[in-house]
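One letter stands for each residue in the lines below.
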Amino acid sequence: MAHYRFYYDESEHSRKINLNTVSAKNYYDNFIAVIVGWKVESEKSIFEKYTAFEEKYTDRKSKEELKSQTLKQNQFESGFASMNKSNVCFLTEFLSLFDSDIAVYFAAISKIEFIISQLFDGYKNSFVCDMDATFA
């Protein structure tokens, strides 16, 4: 049986969600969650490819790693059409790292929906208050 390793990360998550957070100019309701996985026997070659990619773009690192700040939001004013050549090369090379040896799962998750589902976790309807009732 094959053994896999997985890595998880997310982007645009908020540590706190309050009135200041949701009324901020740069607030987005969704955050992106990504999980990548690979067979253990493929790990060495996958890491070698990624290490070579990261070494090529050492000048883009912050805090010893490539972070989301590598590409600035204002570089996407008109979508991909407004990207400069070095950013297109960077993204093309990054995406080429993903081949049939790597499984990818990603989801866009609503922050507000997530909070509401946590608030109502374990909720049970009662005669006085039935949240599932429909009104015509």
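In case you missed it, the structure is sitting above this.
The sections below set out a description of the structure shown in this document. (Residues numbered from 1 in each chain as written. Predicted model: local features only at pLDDT ≥ 70, side-chain atom pairs only at ≥ 80, totals over all residues. Heavy atoms only, no water.)

A closer look at the overall build of the protein
Looking only at helices and strands, the protein features four helices and four strands. Order of helices (α) and strands (β) in the protein, N terminus to C terminus: β-α-β-α-β-α-β-α. For the protein, the C-alpha radius of gyration of 21 Å lies well beyond 14 Å, the compact-globule estimate for 136 residues. Taking the principal axes of the C-alpha coordinates as reference, the protein spans close to 65 × 45 × 30 Å. Counting all 136 residues of the protein, 19% fall into the buried class. Partitioning the contacts of the protein with sequence separation of at least 6, the portion at a separation of at least 24 is 67%. With an accessible surface of roughly 11100 Å², the protein has 58% of that area assigned to carbon and sulfur atoms. Averaging the coordinates of the 16 positive side-chain charges in the protein and doing the same for the 20 negative ones gives two points 5 Å apart. (Helix = DSSP H or I, 4+ residues; strand = E, 2+ residues; numbered from the N terminus. Rg over C-alpha atoms; globule rule 2.2 N^0.38 Å. Buried < 20%, exposed > 50% of the residue type's maximum accessible area, 1.4 Å probe, protein only. Contact = heavy atoms within 4.5 Å. Areas by Shrake-Rupley, 256 points an atom, 1.4 Å probe, with all protein chains shown as cover. Lys, Arg positive; Asp, Glu negative; His and termini not counted. Charge placed at Lys NZ, Arg CZ, Asp CG, Glu CD.)

Let's talk about the sheet that holds strand S4 (residues 102-110)
In spatial order, the strands read S1-S2-S4; together these three strands make up an open sheet with antiparallel pairing. In this open sheet, the two edge strands, each paired with only one partner strand, are strand S1 (4-11) and S4. Each neighbouring strand pair of the sheet contributes to a mean axis angle of 15°, computed without reference to strand direction. Sheet analysis places S1 next to strand S2 (residues 30-39), joined by eight bridges and oriented antiparallel. When the sheet's bridge partners are listed, Asp 9 is paired in S2 with Val 34. On top of the sheet, helix H2 (residues 43-56) reaches S1, S2 and S4; it is set at about 130° to S2, its chief contact. Its contacts with the sheet put helix H4 (residues 111-119) on S2 and S4, and the angle it makes with S4 is roughly 80°. (Pairing = 2+ DSSP bridges. Axes fitted to C-alpha atoms, helices over the stretch in contact; angles between N-to-C directions.)

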